[in-house]
Amino acid sequence: MLKGKTVLLGVTGSIAAYKIAYLASALKKLHAQVHVLMTENATNFINPITFESLTGNKCLVDTFDRNFQFQVEHVSIAKQADVVMIAPASANVIGKLAHGIADDMLTTTVMACKCKKYISPAMNTNMYENPILQDNLKILRRYDYEVIDPAVGYLACGDTGAGKMPEPEILLQYILKEIACEKDLKGKKVLVTAGPTQEAIDPVRYITNHSSGKMGYALARAAMLRGAEVTLVSGPCAIAAPPFVKMIPVVTARDMFEAVTSVSEEQDIIIKAAAVADYRPLHVADEKVKKQDGEMSIELERTDDILKYLGEHRHPGQFLCGFSMETQNMIGNSRAKLEKKHLDMVAANNLKEAGAGFQGDTNILTLITQNEDVSLQLMSKEDAANAILDKILSVCKEREV
Ligand SMILES: Cc1cc2nc3c(=O)[nH]c(=O)nc-3n(C[C@H](O)[C@H](O)[C@H](O)COP(=O)(O)O)c2cc1C
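Residues numbered from 1 in each chain as written. Predicted model: local features only at pLDDT ≥ 70, side-chain atom pairs only at ≥ 80, totals over all residues. Heavy atoms only, no water.

### Things to note about the packing of helix α8 (residues 168-179) against helix α9 (residues 214-225)
- It is at 8 Å that the axes of α8 and α9 come closest, and there the two elements cross at 60 degrees. Residues Gln173, Leu176 and Lys177 of α8 form the contact with α9, whose own contacting residues are Arg221, Met224 and Leu225. (Axes fitted to C-alpha atoms, helices over the stretch in contact; angles between N-to-C directions. Helix = DSSP H or I, 4+ residues; strand = E, 2+ residues; numbered from the N terminus. Contact = heavy atoms within 4.5 Å.)

Laid out in structure tokens, this is it:
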């Protein structure tokens, strides 16, 4: 995922320094070239050998080290960098960078970097809330550093409050957002729907389906990594929301209709991967329906057809992609849906094919557009999401010609 990308990690004298070993390792596993720059004080908290073993690169601490790989090491490394993450960033290093002080390898190299720079403050709450530190962060923001807000929690000093470095997994997400993909959706607004809906029968029971939300969440994440501004309207799902997307949680088909139509007008691309209930109970009992002898039946009414509404109210240039989950006549039914609902594309999957459909981590899609049906192989939902986005972009490009 990060092949050919170079990440600089700046580590300073904070107890959180040990957590960056995980980040360095995770980046390496994603095939990034990782260089770790440490302040002299940081070496009291974690040994450079740890980073050297994990990254395969010399850990840089001393600006005047003559055992160099490159001519002027700090400048060479700065030129190679695609992104810099200073984490944990001490109050001291924040102060130095804000005021142009470059008196060690880390600060000198960072000042020579022209790429995106993240700074993740980590310190005691009183230090973090100190107005001098806050002013220094303001200065850094003004100079295009992106400051990652620290978490609130139990700190190593025993206090509880703001100042905790976010977990390395979260820092990794910031790096991926910046460098993982070509930003071919930059400037585009993308709305994705995902998951099932739940339609109440009584306060205890509801009607739903087996949708896990995995396909929609993969689409939201892929679009975000490709630079889009993503809104995700999601029914109840057991998986974590993708980072850096605007999440609108909903429960019923009615909620989903309202959430989608409240933001649909401003979208460039809408992808409806949610498995919305077609019917809901006509009457919802106020109290639990008690068991009785014999059979019972529930009268159902149609829910709003969100896709149909979107097809009828789309603005010129808006791309509308629906999903269809079929158990028979997949292509015929999906093409009929494309025509009837005025869609640009239907991503069809057959529930009866092994590896396709609900719950699993893979899918087998056929992408149906006005001109053609493209059958894709079995692939991860992440790859399927990117294939859908590729197809959307290629159809949009054809239209421009
Ligand atoms: C055990 C211990 C933990 C520390 N944790 C932090 C911290 O989380 N954040 C911080 O800004 N300073 C912390 N300090 C103080 C810094 O290490 C000190 O300001 C040092 O000069 C920073 O050097 P550097 O910015 O060059 O790495 C800690 C000091 C000690 C002894």
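That was the structure; now back to the text.
### Here's the deal with the side chain of Lys341
- With respect to the helices and strands, the residue Lys341 is situated in the loop between α12 (330-340) and β17 (345-350).
- Apart from the residues lying within four places of it in its own chain, the contact partners of Lys341 are Asp305, Leu307, Lys308 and Gly311.

### Overview of the domain arrangement of the protein
- Taken domain by domain, the protein comprises domain 1 (6-179) and domain 2 (189-284 + 299-400).
- In this assembly, 4 residues from domain 1 lie in contact with 5 residues from domain 2.
- When domain 1 packs against domain 2, close to 420 Å² is buried across both sides, 70% of that on carbon and sulfur atoms.
- Together, Gln173, Leu176 and Lys177 form the three largest contributors to the area buried by domain 1 at its contact with domain 2, with a combined 89%.
- Across the domain 1-domain 2 interface, the total number found is 0 salt bridges.
- At the surface where domain 1 touches domain 2, the tally comes to 1 residue pair in polar contact (both at pLDDT 80 or more). (Domains from an automatic or database assignment. Buried area = accessible area lost by both parts, 1.4 Å probe. Salt bridge = Lys/Arg side-chain N within 4 Å of Asp/Glu carboxyl O. Polar contact = N/O pair within 3.5 Å; in protein donor to acceptor, adjacent residues only side chain to side chain.)

### Quick word on helix α7 (residues 131-142)
- A rise of 1.5 Å per residue sets the reference length of α7, with its 12 residues, at 16 Å; its end C-alpha atoms lie 16 Å apart and thus fit the reference within 8%.
- Every buried residue of α7 is listed here: Leu133, Asn136, Leu137, Ile139 and Leu140. All buried residues of α7 lie within an arc of 155 degrees about the axis, which places them on one face of the element. Counted as exposed and oriented over 90 degrees from the buried face of α7: Pro131, Lys138 and Arg142.
- Buried residues belonging to α7 abut α4 (91-98), β4 (116-121), α6 (125-129) and β5 (145-147).
- Remark: Asp144 follows α7 within two positions and exhibits a positive phi of approximately 70 degrees. (Expected span 1.5 Å × (residues − 1). Buried < 20%, exposed > 50% of the residue type's maximum accessible area, 1.4 Å probe, protein only. Arc of directions from axis to C-beta.)

### Brief notes about the pattern of salt bridges
- One pass over the full model with this rule turns up 19 salt bridges.
- One salt bridge connects Lys116 with Glu146, and the closest N-O pair in it is separated by 2.6 Å. Here Lys116, found in strand β4, pairs with Glu146, found in strand β5; they are 30 residues apart in sequence, far enough to count as distant.
- For Asp202, the salt bridge identified is with Arg205, shortest N-O distance 2.4 Å.
- Asp202 gets classed as buried once you look at its relative accessible area, which sits at 3%.

### Points about the UniProt feature "active site" (unreviewed entry) in the protein
- The positions UniProt marks with the feature "active site" (unreviewed entry) are Cys157.
- Here Cys157 lies in the loop between β6 (151-154) and β7 (160-164).
- For Cys157, a relative accessible area of 47% puts it in the partly exposed group. (UniProt positions renumbered as here; feature names shortened; annotations may be inferred.)

### A word on the site of the ligand
- Around the ligand, a shell composed of 14 residues is seen, among which Gly13, Thr39, Ser90, Ala91 and Ala122 lie nearest.
- Within the backbone of Gly13, one N or O atom sits 2.7 Å away from an oxygen atom of the ligand.
- Ala122 is positioned with one of its backbone polar atoms (N or O) 2.7 Å from a nitrogen atom of the ligand.
- When the free accessible area of the ligand is taken as 640 Å², the share hidden by the protein chains comes to 63%.
- In terms of residues, the shell around the ligand owes the most to one element, α4, which gives 3 residues.
- The residue inventory of the shell around the ligand, partitioned by class, reads 7 nonpolar, 7 polar and no charged. (Near = heavy atom within 4 Å. Areas by Shrake-Rupley, 256 points an atom, 1.4 Å probe, with all protein chains shown as cover. Nonpolar A, V, L, I, M, F, W, Y, C, P; charged D, E, K, R; others polar.)

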